[in-house]
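Here are the chains, one letter per residue:
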Amino acid sequence: MDMVTRQRPDAPARPTARAKILAAAADIARDVGPANLSLDAVAARAGVSKGGLLYHFPSKADLLKAIIEDHLRHFEQELAACRGPDGGPVNILSAYLDTSMVDCAQKTPPASGVLAAIVQHPEMMAPLTVFKRQMLDRLKADAGEESTALILFLAMEGLRSMKLFDSDVLSTEETDKAVEALRRLIGCTAAEVA
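This one's a predicted model, so the numbers in the text were calculated from it and none came from an experiment.

1. Some points on the pattern of salt bridges
Within this structure, the stated rule accounts for eleven salt bridges. With a closest N to O distance of 3.0 Å, Arg160 and Asp103 form a salt bridge. With Arg160 in helix 8 (residues 146-164) and Asp103 in helix 5 (residues 92-105), this residue pair connects regions lying 57 residues apart in the sequence. Residue classification places Arg160 among the buried residues on the basis of a relative accessible area of 12%. In this structure, the salt-bridge partner of Glu157 is Arg160, at a minimum N-O distance of 2.7 Å. With Glu157 and Arg160 both in helix 8, this residue pair falls three residues apart, about one helical turn. Of the two residues examined, Glu157 and Arg160, each falls in the buried class. In the salt-bridge network here, residues are joined through shared partners; they are Asp103, Lys132, Glu157 and Arg160.

2. Some thoughts on helix 4 (residues 60-81)
Here helix 4 spans 31 Å end to end across 22 residues, near enough to the 32 Å set by a 1.5 Å rise per residue. All buried positions along helix 4 are accounted for by Leu63, Leu64, Ala66, Ile67, Ile68, His71, Leu72, Phe75 and Leu79.

3. What about the nonpolar core?
Val42, Leu63, Tyr96, Leu97, Leu139, Leu152 and Met156 are the most contacted members of the largest nonpolar core, which has 48 residues in total. Elements with a minimum of two residues in this core: helix 1 (17-32), helix 2 (39-46), helix 4, helix 5, helix 6 (112-120), helix 7 (125-142), helix 8 and helix 9 (172-186). When residues of this core are assigned to their parent elements, the largest contribution, eight residues, is made by helix 4. In this structure, Tyr96 is in contact with Phe75, Leu79, Met135, Leu139, Leu152, Phe153, Met156, Glu157 and Arg160, ignoring residues within four places of it in sequence.

4. Some points on the packing of helix 5 against helix 9
Helix packing geometry: the angle between the two helix axes and the distance between the axes. Following both chains from N to C, one finds helix 5 and helix 9 inclined at 165°, their axes separated by 10 Å at the closest point. Judged by the angle between their axes, helix 5 and helix 9 are roughly antiparallel. Helix 5 and helix 9 meet at a crossing whose hand is left-handed. Taken together, the residues of helix 9 that come into contact with helix 5 (itself represented by Leu93, Ser94, Leu97, Asp98 and Met101) are Thr175, Val179, Leu182, Arg183 and Ile186. Its residues assigned to classes, the contact of helix 5 with helix 9 shows six nonpolar, two polar and two charged.

Procedures and definitions
- Residues numbered from 1 in each chain as written.
- Predicted model: local features only at pLDDT ≥ 70, side-chain atom pairs only at ≥ 80, totals over all residues.
- Heavy atoms only, no water.
- Salt bridge = Lys/Arg side-chain N within 4 Å of Asp/Glu carboxyl O.
- Helix = DSSP H or I, 4+ residues; strand = E, 2+ residues; numbered from the N terminus.
- Buried < 20%, exposed > 50% of the residue type's maximum accessible area, 1.4 Å probe, protein only.
- Expected span 1.5 Å × (residues − 1).
- Core = buried A, V, L, I, M, F, W, Y, C linked by side-chain atoms within 4.5 Å.
- Contact = heavy atoms within 4.5 Å.
- Axes fitted to C-alpha atoms, helices over the stretch in contact; angles between N-to-C directions.
- Parallel < 35°, antiparallel > 145°, perpendicular 65-115°, else oblique.
- Left-handed = near helix turned anticlockwise from the far one by under 90°.
- Nonpolar A, V, L, I, M, F, W, Y, C, P; charged D, E, K, R; others polar.

Next up, the structure:
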């Protein structure tokens, strides 16, 4: 008789081969640079055969496109997960600020794989540009004043770019002051956001 194995609801899900491949590609891009991102290196790092990698991503361009899509999907999921102290959703301005700050606080930027994709295939910048434009439009729709959304968007994109290109010249105190000023601008405090 075959046994069925069920995962406990509280146990973390095992990453799929596809997820391992995407994580490996982002790691390689970060560790050795986007120009050295090869399918062989990604397969080895992910612990899959080259055939297994090609099953999920028939070409390097497909892999790079998936890296961008995965990055954008993850950001959207993090935005949706933002909750206020009452457990309810927070406004998009607060969610964007907090999600962007978590993104920037990570030791290595998760967008390194995205950078690899656009370095090798500049046309892959298009979905990222569309995503950013839609995000700005969402922020503007939720802001009382358009300039509030514009300032928040530019500040967060600037912080993210400095982190991505390892050119952050701000001290922790300066970053904290800027974030607190943004919180005042959008009308929330750190205590209002979980």
